Structure formats: structure tokens, C-alpha cells
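One-letter residues, chain by chain:
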Number of protein chains: 2
Amino acid sequence: MDPSTEEVETKHVDIRPISSSQPNSQDEVYVHKVEIPPKQNLFVEFKGIVKETFLADDPLRPFKNQPRSRKFFLGIQAVFPIIEWAKDYNFTKFRGDLIAGLTIASLCIPQDIGYAKLANLDPQYGLYSSFVPPLVYALMGSSRDIAIGPVAVVSLLLGTLLQDEIDPKKNAFEYRRLAFTATFFAGITQATLGIFRLGFLIDFLSHAAIVGFMGGAAITITLQQLKGFLGIKNFTKKSDIVSVMKSVFKSAHHGWNWQTIVIGASFLSFLLFTKYIGKKKRNLFWVPAIAPLISVVISTFFVFITRADKQGVQIVKHIEKGINPSSVDEIYFSGEYLIKGLRIGVVAGLIALTEAVAIGRTFASMKDYHLDGNKEMVALGTMNIVGSMTSCFVATGSFSRSAVNYMAGCHTAVSNIVMSCVVFLTLEFITPLFTYTPNAILAAIIISAVISLIDIQAASLIWKIDKFDFVACMGTFFGVVFYSVEIGLLIAVSISFAKILLQVTRPRTAILGKVPRTNVYRNIQQYPKATKIPGVLIVRVDSAIYFSNSNYIKERILRWLTNEEEAKNAANEPRIHSLIVEMSPVTDIDTSGIHALEELYKSLQKRDVQLVLANPGPVVINKLHASHFANLIGDDKMFLTVADAVSSCSPKLAEQV
Amino acid sequence: MDPSTEEVETKHVDIRPISSSQPNSQDEVYVHKVEIPPKQNLFVEFKGIVKETFLADDPLRPFKNQPRSRKFFLGIQAVFPIIEWAKDYNFTKFRGDLIAGLTIASLCIPQDIGYAKLANLDPQYGLYSSFVPPLVYALMGSSRDIAIGPVAVVSLLLGTLLQDEIDPKKNAFEYRRLAFTATFFAGITQATLGIFRLGFLIDFLSHAAIVGFMGGAAITITLQQLKGFLGIKNFTKKSDIVSVMKSVFKSAHHGWNWQTIVIGASFLSFLLFTKYIGKKKRNLFWVPAIAPLISVVISTFFVFITRADKQGVQIVKHIEKGINPSSVDEIYFSGEYLIKGLRIGVVAGLIALTEAVAIGRTFASMKDYHLDGNKEMVALGTMNIVGSMTSCFVATGSFSRSAVNYMAGCHTAVSNIVMSCVVFLTLEFITPLFTYTPNAILAAIIISAVISLIDIQAASLIWKIDKFDFVACMGTFFGVVFYSVEIGLLIAVSISFAKILLQVTRPRTAILGKVPRTNVYRNIQQYPKATKIPGVLIVRVDSAIYFSNSNYIKERILRWLTNEEEAKNAANEPRIHSLIVEMSPVTDIDTSGIHALEELYKSLQKRDVQLVLANPGPVVINKLHASHFANLIGDDKMFLTVADAVSSCSPKLAEQV
């Protein structure tokens, strides 16, 4: 040891003479070898992979070590979580659920009528969809806060996709049949994903894409409401902003109805004002929740006494009385519409699922209870299958109503049952009263509901955190606004996949240096004070080495080496004699990866540079041995830490830096 | 400090009282903070990503700091590498190239005739494809060892795909036109990938899938040869093993021709024997290389003198004399066949590319020269575009002929020019001599050529290294053998993508423990002696945290915690108060990932467990700050190493273990 370096040296220097001739970094008296983990049985390994993939949330844990009868009971309970929480249900909880249920019912009834219009269906179908699905969900769902029913985005999506196939005006019956068919297959899709535990597939719609999609859908829905809001009769069928604005301005000089605009604008201002109040004072959350119903009552009464409908103010006119009729016979189980319904159902079902699961997760993490995503999907799927047979269209969890439900103090899914009962009473007794409700009020209610889906704060946060995410977000947003919801979705999925492909084909690599006065080696970009070891190049590979990136990684490492060698030559420094590859982040390697390492080794041999590996993980070390690559480079070229590897490459220099 | 633990303690204990109140792990006198790297300009960052993605091999390096005229010259040279190596071309090199060229020519002529048959084209088209494409490649290609021409697998693929569209017997002219169209678009595909530097896309066919595909194609090709080998007249058009075997046995009692079988079997034995010799003694590599031509000469002469063709031995009959006619007018540039040709061309072009690039890389790494994959693709693409206009079908690099070329001592692409000249002479003068060549001999030549594509050794190595790869390999193999080449390819691509999806949705996580007598923390599965720290759970996340896996990672970490807590409870050990997440392998995080971390933090707060991060990387630390997550958990909860983090969580216990 050079005595001049004594001062920066720390204690482990003193230890060395007593302990071992080979210096090492971790204050120990011997060098730890890279261990080969106990070999696993192939079947056990396979079982492990299957379990992590499909049963990542360990749903079978409660079944472990239980007698058979208990297992059976637990199985029933797993399908119907109501059994679990019904046991300790009490009056306090019921009071909370009752209030919450009444609040969301008052919010959902006007929304339902509006959303049915978005889906090009008669108003009663919106109410139907708030009656049966919440009951089914209450039996099978495990979220305690979600409010079930039709939602704006899914209704719009369904409406757009369906009217591309059948004209809802001319062939109302076929249109409705196709709607039920799509709902049926939406349910089948959801239940299937849940049963086969493929729920993780919905994670492929990234948060950023959803923010963009929701914002775009909100704009599109608002634009669609201009029809009811301005009282325009001939309105475009397209949903993109250009077509809608053309349609609006074309009808400006003869098609607008000022009475409608006055009613719409005044109530929209009222609704937005109550929304503002609700945001300012959290304990007044019920004000915006009941404002829509109040608006409906007042405006209906107003139209009824002034007979404004005779002045061109469009009204709801007629809502069928009575609860859901059966629609089992109306689903297309054969013919060309089967395939079309299937396609639409899959898309609508997935979007509905994404929304419901996001809501479920949000509130579950707020109250800290566990939510089994796959079980949720089965519940939502069953609910839509049953719904499709009882004249409902696709229902899911609503963001706005779930938030109201939560704030109103719901405890269990009983609040959904309460809401369902109120909708039942409405259907049975009150529907005739909606006759004079102006369409403009429904438009105002929808606009005030979807406006909060435009989340500028979230978008700006995305911009700050991840630019690529922002591109996905904006791409989806503009795709929805300027083309259609389908194109927007396609853009969202494509960008998400492009990101994944980029991740797996171009993993990061970093040059490591020694953080001063430690034996820790870190990325020199992040730690500019970290110093390189003369004659040694340390590269960290930040990904599993698979066929998709093995060639890139090999060439990238060689490029680091070439760059470094050129710099050394220019500076007349000693040449690089060792290349240390830090393998800690390399969790796996496949045959292509092994080939790439072999080629790297050969290239390095030609350049007279030795290859040293630091900290290969359990899977990697096994494969290196299985492929005899470990023998090729030599077992003594693999070390537990970068520091050990550096010591072996240049024992003296490692200390001096 | 507990004095009883003194003996296992190492030196850094003594240091502590003098240095700092906070113990730390790396023998230093102060705790290093996690540093935030200097903030990068957005444009610079974006440029970096684009560069890594598309210009990973730094093709512009030689252009750096050069005068404009030099840059222009370098640009020309980049497109035509022949300029570069022609400068120091000499007689020694030419002698090597001449011998190699003659050897591969003798091998390619009989193979070409056979491969043309695989593509359902007349024999001369095979020779055409060995004349023009090698010349174009010699000007533009940068591989020194590849031998260009038609190859078995691509010819089979092209033949199968084309005959699904047009019957090659009844509409020979249209069939040929479609073949040229497909070749044109194969070239366009290849050149486009190269020009836009999307060459990495072919890496998505994994090594394992290629091994399986090649093996399956070899079996399929061999089965197809039974027609010529047994002299069967009515042969199935399908390529799967079941159809072929049915066809063979159906014709057993009347369709087989014993003279054909005798000729075929004896020459096949001869060819396989020479192959065996070539493998045993490497310097006799030329024996199997010229054996096919010798077989052709002998068998042709034999048939000519015995007039065996009158006994039912099928012969080549007629090969058009003269070099390639123009086929520019025959390419479909409009109509329905344009789209079909495009589709077939894309598939055939990609497979041809995969084969050529694999060959190029193999030999480049054997001779240690650099091969720019994207430039290669432009060369191969141009060659096929030119080929499609001069009556050639898809040509690419041949594994077997390239190996012969290499062993015969080629130095540059001049060996391809030599081969091309020999083919030219053949076309001009010798084709009439092939009239009496029996088809059985061509079948024997093809079988002996493709048999080595069945690489059982590679398959068994794949089994040893990676079981998932083995599934991909076998799936592709059986797909090709039992269905068709397209289905096989589809399986290959699907399994490859499934693997990528699995990688990005279910990354590994590991529990870390302290390796005895060090301050190193490692996976306790790999290092069973590593011990856990009481009250602290250390989890390492082995992947970037993206939308596709953020939920899984969050839930997996919580599951580790739950499992651990249950174990502690059962053993009456102290509860876990800290969760350390080792972030070293987490190279990136997106907005979904940040959300997951926030939810994790909230859940942990509910359980009264503190969240501590160890070694977040440069990108991650930036985003943690941008999103204010760093403020949420506190800057003092992030450490440079796990050891530092452990010291802060349980200063006393960390030492005792």
C-alpha cells in the first residue's frame, strides 16, 4: 500500500495484513463468493411463475389449512362478499348507507335520463340500468364505496359505436337489440377476464392515457350537449369537434331556440355554482348532489305552467312507466349482429372495467381495505350480463357519484341497494312527472357532471413527471376530440405499447464510479464526484437481458468501451484492461442473452480486455452455469460486489481513488 | 453497543464515536446523500432518447468534425462499402475470394434449381436470383462472409404463401407476377426498416423461436421433397405433416417409382456421407461443397445414357437459356394483387432479413468486425428491389453457403461476384445440359442441405437455460410441422410478445438480507446465510415501475409485508416498523408508478410502518422530486445504500446481525 494514501484510507486497510492477502471492500476477512441458489424443481418453478402471474394477490390464502366444509363456506363468501359484511351490519352503518343512498339516488335519476340519451336510448333505459345492476353488484362486489349505474363516457362510447352499425332513429328496435347484445358481451368480457385472472390486462391503459381519454371524452360529450342546449334540430352524427362546430354554426341563423338557451344557461350556472360551493366547503358536498334534481323539478314545473314546449323548447315527452321488462329474447345470439355486438361489447366492457377498477382502487386505498381486482371484474361482469337480460345497457362505477357516496358516509354496498329502491319507486310512480322536463336541463346536468373529468392539474403533473406520458395523454385527448373515441383509444393503446417496446428494447446502461471515501459504486451522471478507476470500466446494465435487447446491450457496452478507450488515448492515460459488468439489476437472461454475452466475451478477448461480472442474481447465475458461460469466463471472474471486482482487477488503484 | 457482540463486529464500530453520531455502513465519516443529477434540458434529453433508440450504434461517429467534402465522400462510402475495402484489395485476398467464390458457386447452382421448385417457379428463376442480387449486395453490403442467393426456408415460405393466392400450375404467369410483386415489397420492407433505423424490430423474433422455426421448416421442406424423391405425381398442396403423410401412403401402391427411389436414395446417402466427412475433418470442407454438383453431373449422365426418364423418372426437362429478362412490367402496382403481394412480401422480407442479419452477425463476431444492421438492411432491400425487376425472387444470406464461403477463406464480397460470374456462364452456356437431371437428385440435395437446420443441440441447450424459451421453440416447431409456416411464425411472435408482456407486468421482487460479516444486502433466496434485520423488511424491486406493473409492485410489496408480519406474529418477534425499498434496479418510473408509491405510502402509514428508499437512480430521484413524493416521505428517508437505510432504521440491530 502506498503510504501517501494513508490519510484517505479508512480502517479496513489496517485489518488487511492480519486477515487476507486479497484486499476486499466490505470490512470482512474473506471474499464472499457469488452463491448459486439451491436448484429448484422445474414444477415448483413453473408453479411459482403461474402463481405470480395469475394469482399475484394470493386469493387462496384464507382457504389454506381449513376443513372442507369451511372451505366451501369461504368459497360461497368469496363469490358473495355480502355474507361477510352482513354478519356485523348494524343500525349505525345502515344510517350512513341510507343517507348516502338517498343522496346518490337524487343525483343519479336526472343523470340516468341524460346518459340514456348519450347512448341514443329512450330515457327509461337509463333508469333501468340504475335499478338491476346495483342490486347484483351489492351481492357480489367487494368495493364499499362505488356507486353503480350508467356513466357518461361509457354511454357515449356505446352510443357512438352502436350508431355506426344501426341508425337509432330509423331502426330503434334493432338498435336496442344490438345495445343489449353489446351489454351482454361487455359483461362476458369482464367476467371472463376476472375468472381467468387476466385482470392485469387493463393495466395496459396507463394513467396518463386515461387522463387524456377522460378529458377528451368530456369535451366530446359537452359538444354533443350543444344540441339540447341550443335546441338544434338537425345535428351532426359525428362526434369530432370540427363536425360539431360546423353543425352548430350552420344552424345559427334559424335553428337555435332562445327560450331553450335561457333555461339551459341559467340552470347550468346554478349547477356550476353549487359545484363550486361543494368544492369550497367539503361538508356542503350534498348541495351539488341534490342540485340536479332540484333543477329538474323547478324547470319541469316552469315549462308545465308556461307551456314553453309550444315555443320550441324540447321536452322529454314520455318515459315508460314500470320496472325493467325482460330483454333475454332481444339479444342477438346469431347472425351478423352477434359479431358486431361482440366487438362493441368488448371495447365498452374494457373501458367500463377500467373506470370501475380505478374507482374501486382509489377508495379502497383511502379506507385501506383490500380489493381483489379479479373478483371485482367477475361481479361487474355478472351485473352486466344480468343487466343485458333486463333491458339495461352497460353500467359501471361512476366517479362523481362514488365520490358523493363516500362523502355522504356510506359504509357498505347497502347504499347501492337504497339507491336502487329509490329508482324502483321512481319507475313505478314518478316517471309521468318527467314529461315536461326540458332537454336543455338534462344537457346542463351532463355538462356539469363531465366538466370535472377534464383534469388539467393531472395533465400538468404528468408533464412535470414524464414527458412520454404527456405525449400519450395529449395524443389520446386530441384523438378523441378531433377524430372519435375509438381513434383516441387506439392512440392510447398504441402509445402505451410503444413505451413498453422502448423499455424492453432499449434498456438503460450506466457507467459507474466510486463514490469518494466509500466502497460504493454509483452512476457517475448522478454522482458527479464519483471517480472512475484507471484501467477499469464499470458498466451497469439496467434490465433483464432478453432477445429483445441482447444485441443492443452487447453493442452498447462495446460502444462505452470504444468511447472510453478513445478518451484515454487522447489523454495518454493507461489503457483499459478490465470491463466490469454490474449485473445487480439483471434479473433474468435468456438464450439470446447468453449468446450476446458470449459474443461480448469474444470481442473483448480480441481487444485484450478481461470481462468481470459483479453480483449476478439467482436466476442469472444458474443460467450462466447451465450454459457453461461461467466456465468460459471463469468462476473467479464473478464477484459479490463491484468493489470486490475492482479489487481483483486493480488491487492497488482501487484504494487510491 | 452491546459488548457481547464485540467479537463479530469489525473495525468500523470503533470509528463511530470519533466520527458521527449516525452509524453508517461504508467505512466513511459521513453519510452520503442521494444526489439529484444536474437537470437536463428537455431537448437534450429527447435527443438522447431518439439517439439511443434509432442510432444506438452511433453510425454518424466517423462524420464528426470532418470537412464537408470529406463528409460527402464518407456518405458515399457508407452506402457503398465496396469503396472502402477496394482501396487495399490485393492479390492474396483475391485468391481467397476466387477459391471461395468457385466453391459456393458449385454448391449454389444445384441448390438454386431446387429452391426455385420450392417456390413453385421454373428452375432458371433460381439461377437468376443467384446472379443479380449477389452483384448488388457486393456493392452495398458490409458483411464479408455472407453468401447471397435463394434459400430453402424463404423459398418455401414464399411458395406456400403465393400458392394460397394463385395456382402456380394453372396460372403460371400471374403466379410469377405475384412472386415478383412480393419480392419487390420484401425489398421495400427491408430497405424501409434500414432507412428508418427500425432494424431492432427483427430482434423480436427470439433466438429460440428461430431455432424452432428453422427446424420445423427443415422438416416441412424434407416432407415436400418426398414428392420428387418417391416420384409421386398427385401430391398434396398442403405442407403439414399429416396431409403429406396421407398423400404419400395413398399413392404407395401405384404412385411410387422405384427407379426414382434408387437414384434418390443412393445420392442422398452419398451427400450425407460427404457431409459427415466435412464435419469430421474441417479441412475437407470442400468435399460436401462440391458433392451436389458431382451428383448432378453423374446422375444426369446416367439418366441420359439409360433414358431412365422413359421409365417414369421425372427430369428437369427444360431450363431457359440466357440471363435474367426484365420483369419491371410484371410487378403488380395496382389491383387486388398489390395488397396480397405487399402482405406476402412483408412476411417473406422479414424472415429473409432475420436470416441474413443472424448470419452477418455470427461471422462478424467471429472475425471481430463491426456490422451495421441497419445498413445491411438497406443493402439487402435494394438487392431485392433490383432483383424483383430482373426476374429474381427473394434472395438473402444462406447459412450453409456462407459457412462454406467462410471456410474456403473468403476475404471480401468479391467471392459473391465470382459466384455471380459462374452463374452467368451457367445461364449463358450450360443450362441445356440440365435437361436430363432427375428431380430426385434435386430433392436429395435439398434434403441434405436443410437437414442441418434441425439443431437438436441448440434446442437442448435452450431447454437447459430457459424453459420459457423452450416452449417458444417447440411451439414454433410444432406449429410449422403440424399446421403451416405462417401459423408457426404467428406462434413464434405471440410467444415472444407474451414473454415481453410477462416481463413488464410481473417483474421480480426479492427480500434482501445482510450477508454475514459484510454490509452487503442480497437476495436471501440466493444467499441463504444472509440474515434479515429484526423489525425491518427490505424489498428490492427489479424493474422500472411503469403503468403496466405499478399496481402489481405495490400489491406485491404489501403482500411481502403481510407474510412477514404473520411470520413475526407466529414467532412472537418484534413487529416490523420499517420497510426499505431498494430502488437500484428501478431505472425509471412514470406517473402511474408515482401513484402506486403514494398508495403504498398511505397503506404503510395506516399500518404504522415507515417507508424508506435506498439508492433511487438519477431519473427516479428527479421524478420523485418533481411529483413532490420526495417531500411527502421526507428527504431523510432516502439513502445511498441499503446499509445506510438499515442503520437509520435500527442503528443498534443492524450491527448485531
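Note that this is a predicted model, so its numbers are computed, not measured.

## A few points about the overall build of chain A
For step 1, the next point in the chain: The number of helices and strands found in chain A is 27 helices and 8 strands.
For step 2, the next point in the chain: For chain A, the spread of C-alpha atoms along the three principal axes comes to 100 × 70 × 55 Å.
For step 3, the next point in the chain: A buried classification covers 55% of the 657 residues belonging to chain A.
For step 4, the next point in the chain: Contacts in chain A between residues at least 24 apart in sequence constitute 81% of all its contacts with a sequence separation of at least 6.

## Things to note about the domain arrangement of chain A
Note on interface size: it is often stated as the accessible area lost on association of the parts.
For step 1, the next point in the chain: For chain A, the domain assignment lists domain 1 (101-459) and domain 2 (507-656).
For step 2, the next point in the chain: The distance between the C-alpha centroids of domain 1 of chain A and domain 2 of chain A comes to 57 Å.

## Thoughts on the interface of chain A and chain B
For step 1, the next point in the chain: Contacts between the two partners involve 78 residues from chain A, matched on the other side by 77 residues from chain B.
For step 2, the next point in the chain: With 8 residues, the single largest contributor to the side of chain A that touches chain B is helix α23 (residues 591-606) of chain A.
For step 3, the next point in the chain: In the side of chain A that touches chain B, the residues fall into 25 nonpolar, 27 polar and 26 charged.

## Brief notes about the sheet that holds strand β3 (residues 509-514) of chain A
Note: strands within a sheet are paired through backbone hydrogen bonds, in either parallel or antiparallel orientation.
Residues and elements named next belong to chain A.
For step 1, the next point in the chain: Ordered by their spatial adjacency, 6 strands build an open sheet running β4-β3-β5-β6-β7-β8, and the pairing between neighbours is mixed. With one partner strand each, in any of the chains shown, β4 (521-523) and β8 (638-639) form the two edges of the open sheet.
For step 2, the next point in the chain: Relative to strand β6 (residues 578-582), strand β5 (residues 536-541) runs parallel, the two sharing 5 bridges. Across the sheet, the residue bridging to Val536 is Ser578, located in β6.

## Side note on the relation of the copies chain A and chain B
For step 1, the next point in the chain: Once chain A has been moved 0.0 Å along the axis and rotated by 180°, it coincides with chain B to within an RMSD of 0.1 Å. Interpreted geometrically, this transformation is the action of a two-fold axis. If distances are taken from each C-alpha of chain A to the rotation axis, the shortest is found for Pro585 of chain A, at 2.3 Å.
For step 2, the next point in the chain: A share of 99% of the interface residues of chain A reappears at the interface of chain B, consistent with the copies meeting face to face through the same patch.

## Considerations on the environment of Thr396 of chain A
For step 1, the next point in the chain: Inspection of the secondary structure assignment puts Thr396 of chain A in strand β2 (residues 396-397).
For step 2, the next point in the chain: When neighbours within four sequence positions are excluded, Thr396 of chain A is seen to be in contact with Val151, Val154, Ala352, Glu355, Ala356 and Leu380 of chain A.

## Describing the packing of helix α20 (residues 467-482) of chain B against helix α21 (residues 485-505) of chain B
Residue and element names in this part refer to chain B.
For step 1, the next point in the chain: Between α20 and α21, the shortest axis-to-axis distance is 7 Å and the interhelical angle comes to 165°. As judged from the angle between their axes, α20 and α21 are roughly antiparallel. Considering how the two elements wind past one another, α20 and α21 form a crossing that is right-handed. On the side of α20, the interface is formed by Phe468, Val471, Ala472, Gly475, Thr476, Gly479 and Val480, while α21 contributes Val485, Ile487, Gly488, Ile491, Ala492, Ile495, Ser496 and Lys499.
For step 2, the next point in the chain: A breakdown of the residues in the contact of α20 with α21 according to their chemical character gives 9 nonpolar, 5 polar and 1 charged.

## Some details on the packing of helix α10 (residues 207-230) of chain A against helix α11 (residues 241-250) of chain A
Two quantities define a packed helix pair, namely the angle between the helix axes and the distance between the axes.
Residue and element names in this part refer to chain A.
For step 1, the next point in the chain: Contact pair α10 / α11: the axes reach a minimum separation of 9 Å and the direction vectors enclose 15°. In terms of axis orientation, α10 runs roughly parallel to α11. Along this stretch, α10 crosses α11, giving a crossing that reads as left-handed. Seen from α10, the contacting residues are Leu223, Leu226 and Leu230; seen from α11, they are Ile241, Val244 and Val248.
For step 2, the next point in the chain: Residue classes in the contact of α10 with α11 are distributed as 6 nonpolar, no polar and no charged.

## Some words on helix α24 (residues 618-626) of chain B
For step 1, the next point in the chain: Along α24 of chain B, the residues that are buried comprise Pro618, Val619, Val620, Ile621, Lys623 and Leu624 of chain B.
For step 2, the next point in the chain: Buried positions along α24 of chain B lie against α19 (456-465) and β4 of chain A together with α23 (591-606) and α25 (629-633) of chain B.
For step 3, the next point in the chain: Looking one or two residues beyond α24 of chain B, the residue adopting positive phi is His628 of chain B, at roughly 65°.

## What about the nonpolar core?
For step 1, the next point in the chain: Grouped together as the largest cluster of nonpolar side chains are 388 residues, with contacts concentrated most on Leu158, Ala348 and Ile580 of chain A together with Leu158, Ala348 and Ile580 of chain B.
For step 2, the next point in the chain: Apart from residues lying up to four places away in sequence, Leu158 of chain B is in contact with Ala119, Ala179, Ala182, Ala348, Phe393 and Val394 of chain B.

## Notes on unusual backbone geometry
All names here are of chain A.
For step 1, the next point in the chain: We note that Arg307 has phi near 45°; this positive angle belongs to a residue other than glycine.
For step 2, the next point in the chain: For Arg307, the location among the structural elements is in the loop between α13 (286-306) and α14 (336-367).
For step 3, the next point in the chain: Using a count of 10 C-beta atoms within 10 Å as the deciding quantity, one classes Arg307 as exposed.

## Focus on the pairing of β6 of chain A
Residues and elements named next belong to chain A.
For step 1, the next point in the chain: Buried residues dominate β6, accounting for 5 of its 5 residues.
For step 2, the next point in the chain: Here β6 shows two buried faces, one formed by Ser578, Ile580 and Glu582 and the other by Leu579 and Val581.
For step 3, the next point in the chain: In this fold, the crossover linking β5 to β6 by way of helix α22 (residues 550-570) has right-handed handedness.
For step 4, the next point in the chain: The pairing of β6 with strand β7 (residues 610-614) spans 5 bridges and is parallel.

## A few points about the pairing of β3 of chain A
Residues and elements named next belong to chain A.
For step 1, the next point in the chain: In terms of burial, β3 is largely enclosed, as 5 of its 6 residues are buried.
For step 2, the next point in the chain: Where β3 and β4 come together, 3 bridges link them in antiparallel fashion. Within β4, the position partnered with Gly513 by the bridge is Arg522.
For step 3, the next point in the chain: Hairpin geometry of β3 and β4 is characterised by an intervening segment of 6 residues between the two adjacent antiparallel strands and by a positive phi of about 60° at Arg517.

## Focus on the confidence of the model for chain A
Residue and element names in this part refer to chain A.
For step 1, the next point in the chain: Mean pLDDT for chain A: 86, with 94% of residues reaching 70 or above.
For step 2, the next point in the chain: At the level of individual helices and strands, chain A shows its lowest average pLDDT in helix α1 (residues 12-19), which scores 33, and its highest in strand β1 (residues 148-149), which scores 96.
For step 3, the next point in the chain: Counting contacts from residues 1-29, a segment whose pLDDT is below 50, to residues more than four positions away or on other chains yields 48 contacts.
For step 4, the next point in the chain: With pTM at 0.80, the complex prediction returns an ipTM value of 0.82.

## Points about the sheet that holds strand β8 (residues 638-639) of chain B
For step 1, the next point in the chain: Strand order in this open sheet of 6 strands is β4-β3-β5-β6-β7-β8 (chain B), and the pairing throughout is mixed. Looking at strand neighbours, the two that pair on one side only are β4 (521-523) and β8 of chain B, the edges of this open sheet.

## Some words on the environment of Phe301 of chain B
Residues and elements named next belong to chain B.
For step 1, the next point in the chain: With respect to the secondary-structure elements, Phe301 resides in helix α13 (residues 286-306).
For step 2, the next point in the chain: The class of Phe301 is partly exposed, set by 13 C-beta atoms lying within 10 Å.
For step 3, the next point in the chain: For Phe301 and Ser448, which are 147 residues apart along the polypeptide, the C-alpha to C-alpha distance reads 21 Å.

## Notes on α19 of chain A
Each α-helix turn comprises 3.6 residues. Residues three or four places apart therefore point the same way.
For step 1, the next point in the chain: Within α19 of chain A, the full set of buried residues consists of Leu461, Ile462 and Ile465 of chain A. Axial view of α19 of chain A: buried residues confined to an arc of 105°, hence all on one face. The exposed set on the far side of α19 of chain A, more than 90 degrees from its buried face, consists of Ile456 and Ser460 of chain A.
For step 2, the next point in the chain: Tucked into the core, α19 of chain A has its buried residues touching α10 and α20 (467-482) of chain A together with α23 and α24 of chain B.

## Quick word on the environment of Tyr601 of chain B
Residues and elements named next belong to chain B.
For step 1, the next point in the chain: Its place among the elements puts Tyr601 in helix α23.
For step 2, the next point in the chain: Tyr601 sits 10 residues away from Leu611 along the chain, and the two C-alpha atoms are 6.5 Å apart.
For step 3, the next point in the chain: Every residue in contact with Tyr601, bar those within four places of it in the chain, is listed here: Leu611, Leu632 and Ile633.

How each quantity is defined
Residues numbered from 1 in each chain as written. Chains lettered and ligands numbered in written order. Predicted model: local features only at pLDDT ≥ 70, side-chain atom pairs only at ≥ 80, totals over all residues. Helix = DSSP H or I, 4+ residues; strand = E, 2+ residues; numbered from the N terminus. Buried ≥ 20, exposed ≤ 12 C-beta atoms within 10 Å, placed from the backbone. Contact = placed C-beta atoms within 7 Å. Domains from an automatic or database assignment. Nonpolar A, V, L, I, M, F, W, Y, C, P; charged D, E, K, R; others polar. Pairing = 2+ DSSP bridges. Least-squares fit on C-alpha atoms with pLDDT ≥ 70 in both. Axes fitted to C-alpha atoms, helices over the stretch in contact; angles between N-to-C directions. Parallel < 35°, antiparallel > 145°, perpendicular 65-115°, else oblique. Left-handed = near helix turned anticlockwise from the far one by under 90°. Core = buried A, V, L, I, M, F, W, Y, C linked by C-beta atoms within 7 Å. Right-handed = clockwise from strand over helix to strand, strands pointing away. pLDDT = per-residue confidence, 0-100. Arc of directions from axis to C-beta.

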